[in-house]
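# Commentary on secondary and tertiary structure
Here is what each chain is made of, one letter per residue.
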Amino acid sequence: MRLNAILCLTVMVCASMSGCLGALEKENESLECSTFSAGHTDDGKLRILTYDILALSDSMVEEFTNRTGYEIEFIKEDDAGGILDQMMLTKQAQQADLMIGLDNTYLQTAIDNCLLRETVYTQSDNYQNISEQATAPYSGPLAIPFDQGPVCLNYDENFVDGENVSEPTSLWNLTEETWRGKTAFPSPVTSSPGRSFMVSTIDYFENDDDESTNAFDWWQAMASNDAIITSGWTEAYETHYTGGYGEYTTGYIGDAHLTVSYCQSPGVEAYYSGNYTHSTSITLPKSTIQQVEYTGIINGAANIPGAELFIEYLLSPEINAQMPENNLMYPVLDGYGLPETDGYRYHSDIPQENANVEITRINEEMTNWLDKWQSATE
Amino acid sequence: MTRTGQHKMLVKVIQWTTVCCFVTLTVLPLLYAIARLESVTGINSVVAVQNFFTTQSSLHALKFTLLEATISTIATVIIGLPIAWCLGRYNWKNIKFLRAILAVPFVTPSIVVAMGFLMLIDVGGPLTAMGIDLRLETGIVGELANVTNWENPGHFIALIAAHVWFNISLIMRFVEPTLSTMDRTWEEQMRFLPAGQNRLSRIRNLWLPIIGPAILCAATLCFIFSFTSFALVRWLTPNQDTLETLMANSGGSAGIYGYRIDTSEVVLSTSIVQLIILSLAIICATSIQRRHSTIHAIIAESDAKQISARPNNLAKAIISLGVCFAILPLMLVTIASFRIRNTKTGEFTYSTEAWSEAWSGDYSTTAIPDALSNSLIYCLITVAFALPIGWIISSCISRLEQEQKATTAKIVEFATMIPLALSAVMIGLGILLGLLKWSPGLFGWAIIPAIPHIIITTPFVIRIILPALRSIDLSYHEQAVMLGMNPINAWWHGKAAFLRAPLVVAGALTMAFSLGEFGASWILVRSGSWDTLSVLIDQLMSQPKFNPLIQPMAMAAATVLMLLTFILFFIAERFRDNGEGSGF
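Given the structure is predicted, the values throughout are model-derived calculations rather than measurements. (Residues numbered from 1 in each chain as written. Chains lettered and ligands numbered in written order. Predicted model: local features only at pLDDT ≥ 70, side-chain atom pairs only at ≥ 80, totals over all residues. Heavy atoms only, no water.)

A count of helices and strands for chain A gives 13 helices and twelve strands. With 378 residues in all, chain A has 62% of them scored as buried. Summing over all exposed atoms, chain A offers an accessible surface of approximately 14400 Å²; the carbon and sulfur share of this is 46%. (Helix = DSSP H or I, 4+ residues; strand = E, 2+ residues; numbered from the N terminus. Buried < 20%, exposed > 50% of the residue type's maximum accessible area, 1.4 Å probe, protein only. Areas by Shrake-Rupley, 256 points an atom, 1.4 Å probe, with all protein chains shown as cover.)

Take a look at the structure:
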């Protein structure tokens, strides 16, 4: 009994104290953009906040260090969402100088929260080499695109054989019995490709013939059709999808014949498997969306010259042209594309018409969309 | 005041300061996390808990957590009891080695356990070869799913099996010492009594009163560990959320003003519900453990004879199966580190290529030696703090008990158990938010990830040292004082000398737990660049695996972590007394 009383007392004390602490917190949050400060000193190192894949090979990084004298330290997050979370959470003491990896569904939030500072790269002649497609979502001085690729649905050709099951001609086809329990979607709440695809469905259903339904009706129908929702791309593509490399990995379940990935993912599969893949993409108009990934100097950076030099380096033809091999995405420079080696380009599908949603609208409506998505799929 | 009085006062001040600092270190991050989340969401904890019970996904996670923890506990008792019985009732050669092998799972990092079980249940793995496909759920498991309409029974069974594997040593640690030290004549005498004529009545009237509290105590701890399981749930039941995974998935964006308020609400409500449930479980465990200690002390004092019976075939079979069960997932992890898929043919070959890659590392993947040195630095820091803190707090509790201040002793004991009731994810989040509030500059300080390790491991140190302190004969210390030794020498020869073994055990286990800690590191290390081995494994497993070396590299890192943990644990076992009933 005494211990129970102590527990109650502890909870009460905690609750009351937490109220006081809460009041203090709010005062601290009223900061201006200009007051952002670095959580580290400029010790000659360049700290880069990025996600956890192979955007840059060892030789690229070493070459940069040799040329400029700046050593590099990477701070890694799971994905673009993790990068934004980290910048938001630590904006009173930013840990990095440069971010690499925010995409066009997250960028406006970072801009609105003053997380980025202007780069001089937009004044450089080389900036003009970036393709219009890459600068279409955002072309200001706060972020520079460094790679891109269309997010779209991938399916397993062994399942969609054209005889028993035919290729979907509308997203509504996926709500039919044939696809019950056989689709996997990374959650837009926790996954960056998942978020991009949800945005594309908004545009898709706003522009289809049926005005009585919207994207969330479709998501609700998909949930009713036992669509598998995963926390990230890896779980959806690797654990559940039957058309990819997942079947060779530990933990593979293989219960979904369709998932969200990139239109070039079948090309990547072929590139790594000797020009063989049984995965392909659905490129229905508006069901795909161009994901553009950005680099930008963090507001609170300690090593701004190093960050500027790295942006220049990342956008140089010798480095940017290697994005397909290193980051499995398209370069952003005009005149550069996917390699032809082992069917990389051949198996990468070209979208018919990408969804087109302004990044300002994405930022304004994202919370509302996520709420609706959660209600629809719960 | 006399010199002795001054010394006693100084000891008291040190003890109470340590207790207060530790409790503050534990509670403050939690308070900060709650305060920040309340402030961000604009709702208080009570409203958050109310909201929890109206949200489908949260309720589903709660139900699943309670279900898996309860079934895991029952299964652990059913499988662990025969093993504990066989170990305790027969005379085994190399008993220490057997104990160590069977207890290794408990100190194996959960991320390694997850990898081991994935290999065990994988297509082409030993279980599918036997016709039990828990991953793809074909064959009899698929039939089970169809007949019962049970969604993913294979994944659930795999999770339960992994929890049993992980917790089985708890049953052994609590039950086996009681059985091995009990006087066998008690059973013989019982057979002549009316209440012990048949096996059932002997179970009811002899065995249950003796080993019942030990089983209950172990079962409560099994429940707590299964309830807070994170890595196993994350990897083995990918379609299900527990409270812990729900919090971890939302933790990254929680606590930020004006951004993703929904995730802050999830973390706030879930952590409060988890705190309440685990606090009740801890109260239960503390009370049962006291009863168990009393019974164990009575049995141990009854001049018990050494067990002399040779194990029969059934006992040998049970122990052999137990040993196989304990080592199989770990062997599979090691084998998988050498197994490389040929991307052109799809066939597997064996080579050390993944080891070379993992050992050298690159800019996207921390090299094993770097992650290893990070892990070692954190575990050494953890030991350097957790061991003295745990020792001082144990001394405080022991002194209070000797001074007949039982209630105060209970309060201190309960307060130091609080970390067990807190989710590692919540501790990590609290430290992160607290630091940002107090001293953002410290955020980049590499020592930060050691703090949750210290908080989490100190209760284990106390669990190990406290029983040893209670069993010290105080007359040795008194005699040392009478011989004219100064206070430090008297303390050293009259008390500390008897604590060498428990201190080594506590130190080794603290290092092992620190090495394997994942939940808090996962939150904190994502906010820095100090990858530990357990975080490296998770990072590798989360990467796209177009490159066939990525997965074997993760297994190579898991093998290194596993070996390091084993070495520490075997050191601990060498120093552990026979029949010690500390539970860890």
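Having seen the structure, we can now continue with the description.
A few words now on the packing of aromatic side chains. Given two aromatic rings, their pairing is described by the distance between the two centres and the angle made by the two planes. Using the criterion set out here, one finds 33 aromatic pairs over all chains in the structure. Ring geometry for Tyr204(A) and Phe205(A): centres 4.8 Å apart, planes at 75°, overall edge-to-face. Through pairs of rings, three or more aromatic residues link up here, namely Trp172(A), Phe185(A), Phe197(A), Tyr204(A), Phe205(A), Trp218(A), Trp219(A) and Trp373(A). Here the guanidinium or amino end of Arg195(A) rests over the ring plane of Tyr106(A), the centre of that ring lying 3.9 Å away. Just above the ring of Phe348(B) sits the side chain of Arg339(B); from NZ or CZ to the centre is 3.9 Å. (Phe/Tyr/Trp six-rings, centres within 6.5 Å; stacked < 30°, edge-to-face > 60°. Lys NZ or Arg CZ within 6 Å of the ring centre and 35° of its normal.)

Moving on to the pattern of salt bridges. Following the criterion strictly, the structure yields 16 salt bridges over all chains and no others. Close ionic contact of Glu340(A) with Arg345(A) constitutes a salt bridge, the shortest N to O distance being 3.5 Å. For the salt bridge of Glu401(B) with Arg470(B), the shortest nitrogen-to-oxygen distance reads 2.7 Å. Of the two residues, Glu401(B) sits in helix α16 (residues 368–402) while Arg470(B) sits in helix α19 (residues 450–471), which places them 69 residues apart along the sequence. By relative accessible area, Arg470(B) is classed as partly exposed at 37%. A network of salt bridges, in which partner residues are shared, links Glu401(B), Glu413(B), Arg463(B) and Arg470(B). (Salt bridge = Lys/Arg side-chain N within 4 Å of Asp/Glu carboxyl O.)

Another aspect to go through is the environment of Phe74(A). Residues and elements named next belong to chain A. Inspection of the secondary structure puts Phe74 in strand β2 (residues 71–77). With relative accessibility at 11%, the residue Phe74 sits in the buried group. With 242 residues separating them along the chain, Phe74 and Ser316 place their C-alpha atoms 20 Å apart.

All right, on to the side chain of Glu308(A) then. Residues and elements named next belong to chain A. Its location among the elements puts Glu308 in helix α10 (residues 304–314). Here Glu308 occupies a buried position and makes no salt bridge, while the nearest side chain of opposite charge, Arg117, is found at 6.6 Å. One polar contact links Glu308 to Thr119, side chain to side chain, over a distance of 2.7 Å. In this structure Glu308 touches Glu118, Thr119, Val120, Tyr121 and Ile297, once residues within four positions along its chain are discounted. (Lys, Arg positive; Asp, Glu negative; His and termini not counted. Polar contact = N/O pair within 3.5 Å; in protein donor to acceptor, adjacent residues only side chain to side chain. Contact = heavy atoms within 4.5 Å.)

The next point concerns the nonpolar core. Core analysis: the largest hydrophobic core is formed by 227 residues, its most contacted members being Phe310(A), Leu315(A) and Met115(B). With residues near it in sequence (within four places) discarded, Phe310(A) still touches Leu46(A), Ile48(A), Leu56(A), Phe64(A), Ile72(A), Leu98(A) and Ile100(A). Among the nonpolar cores identified, the runner-up in size contains 38 residues, and Phe185(A), Val199(A), Leu258(A) and Trp369(A) belong to it. (Core = buried A, V, L, I, M, F, W, Y, C linked by side-chain atoms within 4.5 Å.)

We now examine the state of the cysteines. Residues and elements named next belong to chain A. Within this structure, the stated rule accounts for one disulfide over all chains. In this model Cys152 forms its disulfide with Cys263; the gap between the sulfur atoms is 2.3 Å. Of this pair, Cys152 sits in strand β5 (residues 144–156) while Cys263 sits in the loop between β8 (258–262) and α9 (265–272); the two residues are 111 residues apart in sequence, bridging distant segments of the chain. Accessibility expressed as a relative area gives 0% for Cys152, which makes it buried. A residue is classified by how much of its surface remains accessible, and Cys263, at 0% relative accessible area, is buried. (Disulfide = S-S within 2.5 Å.)

Here we come to helix α2 (residues 45–52) of chain B. Residue and element names in this part refer to chain B. Among all positions in α2, only Ser45, Ala48, Val49 and Phe52 are buried. Seen end-on, α2 carries its buried residues on one side only, within an arc spanning 100°. Exposed residues on α2 whose side chains face more than 90 degrees from its buried face are Val46 and Gln50. Between the side-chain oxygen of the N-cap and the backbone nitrogen of Val46 there are 3.0 Å, and the N-cap of α2 in question is Asn44. (Arc of directions from axis to C-beta.)

Turning next to empty space enclosed by the protein. Where empty space is left can be seen by rolling a probe of water-molecule size over the atoms. Residues and elements named next belong to chain B. Under the criterion given, the structure shown has eleven cavities of 30 Å³ or more. Considered as a void within the structure, the second largest cavity measures approximately 620 Å³ in volume. Ser110, Phe166, Phe225, Thr228 and Ile456 are, among the 33 residues lining the second largest cavity, the residues nearest its centre. When contributions to the lining of the second largest cavity are tallied by element, the ones reaching two or more residues are α4 (95–107), α8 (153–181), α10 (199–227), α11 (231–236), α17 (406–421), α19 and α22 (500–516). Its residues assigned to classes, the lining of the second largest cavity shows 18 nonpolar, 13 polar and two charged. (1 Å grid on protein atoms, 1.4 Å probe; cavity = no way out; pocket = protein on both sides within 12 Å on 5 of 7 lines; lining within 4 Å. Points joined across faces, edges and corners; volume = space filled by probe spheres on them. Nonpolar A, V, L, I, M, F, W, Y, C, P; charged D, E, K, R; others polar.)

Let us look at a nonpolar patch on the surface. Residue and element names in this part refer to chain B. On the surface, Ile327, Met331, Ile335 and Tyr350 cluster together into a nonpolar patch covering about 380 Å² of accessible area. With three residues, the top contributor of residues to the nonpolar patch is helix α14 (residues 313–336). Relative to the helices and strands, Met331 resides in helix α14. Overall, the relative accessible area of 44% leaves Met331 in the partly exposed class. (Patch = residues over 30% accessible without salt bridge, like charges linked within 9 Å, V, L, I, M, F, W, Y side chains within 5 Å.)

Now for α16(B). Its 35 residues give α16(B) an end-to-end C-alpha distance of 49 Å, which sits within 8% of 51 Å, the value for a rise of 1.5 Å per residue. Backbone geometry just after α16(B) places Gln404(B) at a positive phi near 60°. (Expected span 1.5 Å × (residues − 1).)

This brings us to the confidence of the model for chain B. Residue and element names in this part refer to chain B. Scored by pLDDT, chain B comes out at a mean of 82, with 90% of its residues at no less than 70. Counted against residues more than four places away or in other chains, residues 579–584, with its pLDDT under 50, gives 26 contacts. Predicted as a complex, the structure gets a pTM of 0.81 and an ipTM equal to 0.76. (pLDDT = per-residue confidence, 0-100.)

So, on to the layout of surface pockets. All names here are of chain B. One number sums up the size of the second largest pocket: a volume of about 1200 Å³. Every element with two or more residues in the lining of the second largest pocket is listed here: α1 (3–41), α16, α20 (474–482) and α21 (487–494). Top contributing element to the lining of the second largest pocket by residue count: α1, with nine residues.

The subject of this paragraph is the pairing of β2(A). Residue and element names in this part refer to chain A. β2 sits mainly inside the fold: six of its seven residues count as buried. Across seven bridges, the pairing between strand β1 (residues 45–51) and β2 is parallel. If you follow Thr50 over to β2, its bridge partner there is Lys76. (Pairing = 2+ DSSP bridges.)

Residues and elements named next belong to chain B. Viewed as axis vectors pointing N to C, α16 and α22 meet at an angle of 135°, and their least axial separation amounts to 8 Å. Considering the angle they form, α16 stands oblique to α22. Regarding α16 and α22, the two cross each other, and that crossing is right-handed. Taking contact as the criterion, the partners of Ser375, Leu376, Tyr378, Cys379, Leu380, Thr382, Val383, Ala386, Leu387 and Trp391 in α16 are, on α22, Leu503, Ala506, Gly507, Thr510, Met511, Ser514 and Leu515. (Axes fitted to C-alpha atoms, helices over the stretch in contact; angles between N-to-C directions. Parallel < 35°, antiparallel > 145°, perpendicular 65-115°, else oblique. Left-handed = near helix turned anticlockwise from the far one by under 90°.)

This brings us to the confidence of the model for chain A. Residue and element names in this part refer to chain A. Confidence along chain A averages 87 in pLDDT terms, with 89% of residues attaining 70 or more. Looking across chain A, the model is least confident in helix α1 (residues 2–28), with a mean pLDDT of 46, and most confident in β8, with 97. Under a pLDDT of 50 for its full length, residues 1–9 has, in the predicted model, eleven contacts with residues more than four places off or in other chains.

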